[in-house]
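These are the residues of each chain, in order.
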Amino acid sequence: MKKGFTTRFTYSTVKLEDAEYLTSITIPSTFEIIEKEGINKRNRGNQSLATIVNKTGRSFDWSSITGSKTEGQNFITGNISHEYGNINVTN
């Protein structure tokens, strides 16, 4: 597993120029809270993030979690508008 990430998430990476980049992440059903910028797409290793699988059945403030400048993106599933590339949230 890539250092710096909690083992509670499941994620996929691709290798680009000898660095790993996060492409997808699965949030398990046991999660109730995700901290502000907990999955910040502005971080170099997260800029390839395209998919979040939300298995919680809960709505989250995805703008806050991903560091998006677009406000009001609170939903269970949908599309996060992000200046570093949109992120699809599925269940």
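Residues numbered from 1 in each chain as written. Predicted model: local features only at pLDDT ≥ 70, side-chain atom pairs only at ≥ 80, totals over all residues. Heavy atoms only, no water.

Novice: Describe the overall build of the chain, naming the residues involved and giving the relevant values.
Specialist: From N to C terminus, the chain includes one helix and seven strands. In sequence order, the chain lays out its α and β elements as β-β-β-β-α-β-β-β. By residue count, 37% of the 91 residues in the chain fall in the buried class. Carbon and sulfur atoms make up 43% of the accessible area of the chain, which amounts to about 5500 Å² in all. (Helix = DSSP H or I, 4+ residues; strand = E, 2+ residues; numbered from the N terminus. Buried < 20%, exposed > 50% of the residue type's maximum accessible area, 1.4 Å probe, protein only. Areas by Shrake-Rupley, 256 points an atom, 1.4 Å probe, with all protein chains shown as cover.)

Novice: Before we move on, could you go through the nonpolar core and cite the residues and values that matter?
Specialist: Residues Ile27, Ile34, Ile39, Leu49, Ile52, Trp62 and Ile80 are the most contacted members of the largest nonpolar core, which totals 15 residues. Taken together, the elements giving at least two residues each to this core come down to strand 2 (19–27), helix 1 (62–66) and strand 7 (87–90). It is strand 2 that provides the largest number of residues to this core, a total of three residues. (Core = buried A, V, L, I, M, F, W, Y, C linked by side-chain atoms within 4.5 Å.)

Novice: Explain unusual backbone geometry to me, and be specific about the residues and the numbers.
Specialist: For Glu37, which is not glycine, the phi dihedral falls at a positive 55°. Relative to the assigned elements, Glu37 resides in the loop between strand 2 and strand 3 (51–54).

Novice: Lay out the pattern of salt bridges in plain terms, naming residues and giving numbers.
Specialist: Evaluation of the coordinates by the stated rule reveals two salt bridges. Across the pair Glu32 and Arg58 runs a salt bridge, and its minimum N-O distance is 3.9 Å. Within this pair, whereas Glu32 is found in the loop between strand 2 and strand 3, its partner Arg58 is found in the loop between strand 3 and strand 4 (60–61), the two being separated by 26 residues in sequence. Judged by its relative accessible area of 56%, Glu32 is exposed. (Salt bridge = Lys/Arg side-chain N within 4 Å of Asp/Glu carboxyl O.)

Novice: Tell me about the environment of Lys41, residues and numbers included.
Specialist: Structurally, Lys41 is set in the loop between strand 2 and strand 3. For Lys41, a relative accessible area of 2% translates into the label buried. Lys41 sits 27 residues away from Ser68 along the chain, and the two C-alpha atoms are 7.8 Å apart. Side-chain polar atoms of Lys41 contact the backbone oxygen of Leu49, separated by 2.6 Å. (Polar contact = N/O pair within 3.5 Å; in protein donor to acceptor, adjacent residues only side chain to side chain.)

None of this, on its own, says anything about what the molecule does.
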